[in-house]
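Letter by letter, the chains look like this.
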Amino acid sequence: MKVRNELNAVLYKNKMEDQDIPKRLPHNSKFISIVNGNIEKVCLELKNGKLALTSGKRILSKNALKNAAYYFVLSVSAISDASMDHGMGQTEACTLSDIYILKADDCKTVDDIYRLYEEMCLDFTKRMQEIRKETVISLHIRKCIDYIYENPSTNLLVKALAETMHLNATYLSRLFRKEMSILLKQFVKEARVDTAKNLLQYSDLSYLVISVSLGFSSQSSFIAVFKEITGVTPKVYREKNFVIHK
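Bear in mind that the values here come from a model prediction, so they are computed numbers and not experimental data.

Visitor: I tried to follow the overall build of the protein chain on my own but got confused; where do I start?
Guide: When its secondary structure is counted, the protein chain shows 13 helices and 0 strands. Beginning at the N terminus, the succession of helices and strands in the protein chain can be written as α-α-α-α-α-α-α-α-α-α-α-α-α. Counting the 246 residues in the protein chain, one finds 33% classified as buried. Partitioning the intrachain contacts of the protein chain with sequence separation of at least 6 by distance along the chain shows that 63% fall at a separation of at least 24.

Following this line, the structure appears as structure tokens:
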């Protein structure tokens, strides 16, 4: 009841003072230069205020720093969603968004938030520019690659991947080989090994746990595939590359 009363009071106050909430822009329209990867235009829009972080007509907190931080969270979430709509992988977009939100949480001044906002906008823009340069890779294949890296423990045989992508298995297999110059089956093996390398380097998980989490049929199968791709066993790789966490 209290919130309803506060809402009615604020709406009445805005009406009396002729203050309107800024009209909601069509989805992604504010950040179109970012998702198009147009760095020059984004720099200009940051300078002329078109990409301004905050709006004086809408106050999210009476504390200036919190107000800027809340706007930052809304903006980075919207940019992340817009980037996914235009080809960025879900894992990359969401992780990048989370990283910047945590950075904003450490900011001590409003100016710090503004500088981080500009950095974030340009970071997403540069990444979208790279994605758009990869015109040879179709949306189907990009989604397939994202799925492989995000679900390494699942069934990643061609038939299962095709069903997930809602494509014919033969078509997906041919398209993948044409665009990536590698068999889909081989790409899956290399993707799993890439993930295994990170786990071996930055964690102390056992070889059995790693093999199971990455969808290998057995620990021996994991070791054999890892050696096939890298030329060394997981044990040797970990001994040479393990990073000790302090």
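Visitor: I would appreciate a short explanation of the environment of Gly37 in the present structure.
Guide: With respect to the helices, strands and loops of the structure, Gly37 is situated in the loop between helix 2 (32-35) and helix 3 (39-48). Gly37 sits in the buried class, given a relative accessible area of 6%. When the C-alpha positions of Gly37 and Ser83 are compared, they lie 9.8 Å apart, and in sequence the two are 46 residues distant. Contact partners of Gly37, with chain neighbours within four places excluded, come to Thr125, Met128, Gln129 and Arg132.

Visitor: Help me out: how do you make sense of helix 4 (residues 64-85) in this one?
Guide: Since there are 3.6 residues in each turn of an α-helix, residues three or four apart along the chain are aligned in direction. For helix 4, built from 22 residues, the straight-helix expectation of 32 Å at 1.5 Å per residue is met to within 8% by its first-to-last C-alpha distance of 32 Å. Considered for burial, the residues of helix 4 that qualify are Asn67, Ala68, Tyr71, Phe72, Ser75, Val76, Ile79, Ser80, Ala82 and Ser83. One side-chain oxygen at the N-terminal end of helix 4 lies 3.0 Å from the backbone nitrogen of Leu65; it belongs to Asn63. Downstream of helix 4 by a residue or two, Gly87 has a phi angle that is positive, lying close to 115°.

Conventions we followed
- Residues numbered from 1 in each chain as written.
- Predicted model: local features only at pLDDT ≥ 70, side-chain atom pairs only at ≥ 80, totals over all residues.
- Heavy atoms only, no water.
- Helix = DSSP H or I, 4+ residues; strand = E, 2+ residues; numbered from the N terminus.
- Buried < 20%, exposed > 50% of the residue type's maximum accessible area, 1.4 Å probe, protein only.
- Contact = heavy atoms within 4.5 Å.
- Expected span 1.5 Å × (residues − 1).
- Polar contact = N/O pair within 3.5 Å; in protein donor to acceptor, adjacent residues only side chain to side chain.

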